[in-house]
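Listed below, chain by chain, are the residues.
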Amino acid sequence: MPDENELGAPVAADLPADATDGEYVARTIELAEEAVAAGNTPFGALLVVDGEAVREARNETRTDDDVAAHPELTLARWAASELDAAERAACTMYASTEPCPMCATAVHYAGVGRVVFGVDGETLDELSGGVVPIPCEEVIRRAGGETTVEGPIAVDAAMTVHESFFGEP
């Protein structure tokens, strides 16, 4: 278990305070690998506030028998209850894969200011099928949100974990 920060939240291991977007997304890919090792599907995410990784999560849909146990939804719910509005607006959520429409809606309602992801849902859908093909940015835009969405920024690295789980295309 990673160390805890002043909010009592697990922080991402081995990340410098001045980590880059690429380093944060690389950590989410590690979290996706950890999710698979625990018996879940390959998704991971983390939250960064003021340059500090304050919380991370892995997909737990299978082990928790909960279709909503996506890491992005888990983090959006945590942010909404534990961070004030200004912290959420200044927060960046990093995800191994583009947040699905359910998670994008939670990000919007939580007021998370920015999302950066490794691989887009459309690319994952080509491999796995079953992805709801509505981009995160479109969900937030249609909801009237102001969250900035950036990605994909690490397609090959993110797809490696998906290919090992779902099989090669």
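Residues numbered from 1 in each chain as written. Predicted model: local features only at pLDDT ≥ 70, side-chain atom pairs only at ≥ 80, totals over all residues. Heavy atoms only, no water.

As recorded in an unreviewed UniProt entry, the protein goes by the name CMP/dCMP deaminase zinc-binding protein, listed as coming from Halorubrum hochstenium ATCC 700873.

A. Here's a closer look at the environment of Thr-28. By the secondary structure assignment, Thr-28 is in helix 1 (residues 21-37). With a relative accessible area of 0%, Thr-28 lands in the buried category. Among residues more than four places away in sequence, those in contact with Thr-28 are Gly-44, Ala-45, Leu-46, Tyr-94, Ala-95 and Ser-96. Within polar-contact distance, the side chain of Thr-28 engages the backbone oxygen of Val-25 at 2.6 Å. (Helix = DSSP H or I, 4+ residues; strand = E, 2+ residues; numbered from the N terminus. Buried < 20%, exposed > 50% of the residue type's maximum accessible area, 1.4 Å probe, protein only. Contact = heavy atoms within 4.5 Å. Polar contact = N/O pair within 3.5 Å; in protein donor to acceptor, adjacent residues only side chain to side chain.)

B. A look at the pattern of salt bridges. This model, assessed by the stated rule, comprises eight salt bridges. Residue Glu-34 is joined to Arg-27 by a salt bridge in which the shortest nitrogen-to-oxygen separation is 3.2 Å. Residue classification places Arg-27 among the buried residues on the basis of a relative accessible area of 7%. The network of salt bridges with common partners includes Arg-27, Glu-30, Glu-34, Glu-56 and Arg-58. (Salt bridge = Lys/Arg side-chain N within 4 Å of Asp/Glu carboxyl O.)

C. The arrangement of the packing of aromatic side chains in detail. In this structure the tally under the stated criterion is two aromatic pairs. A centroid spacing of 4.8 Å and a plane angle of 85° characterise the contact between Phe-165 and Phe-166, whose relative ring orientation is edge-to-face. For Phe-166, a relative accessible area of 34% gives the class partly exposed. (Phe/Tyr/Trp six-rings, centres within 6.5 Å; stacked < 30°, edge-to-face > 60°.)

D. Main features of helix 4 (residues 101-110). Within helix 4 the residues assigned to the buried category are Pro-101, Cys-103, Ala-104, Ala-106, Val-107 and Ala-110. The elements touched by buried residues of helix 4 are helix 2 (71-82), helix 3 (85-89), strand 3 (91-97), strand 4 (114-119) and helix 6 (136-142).

E. Region of interest: a negative patch on the surface. Taken together, Glu-60, Asp-64, Asp-65 and Asp-66 make up a surface patch of like negative charges. By secondary structure assignment, the location of Glu-60 is in the loop between strand 2 (52-58) and helix 2. A relative accessible area of 34% means that Glu-60 is categorised as partly exposed. (Patch = residues over 30% accessible without salt bridge, like charges linked within 9 Å, V, L, I, M, F, W, Y side chains within 5 Å. Areas by Shrake-Rupley, 256 points an atom, 1.4 Å probe, with all protein chains shown as cover. Lys, Arg positive; Asp, Glu negative; His and termini not counted. Charge placed at Lys NZ, Arg CZ, Asp CG, Glu CD.)

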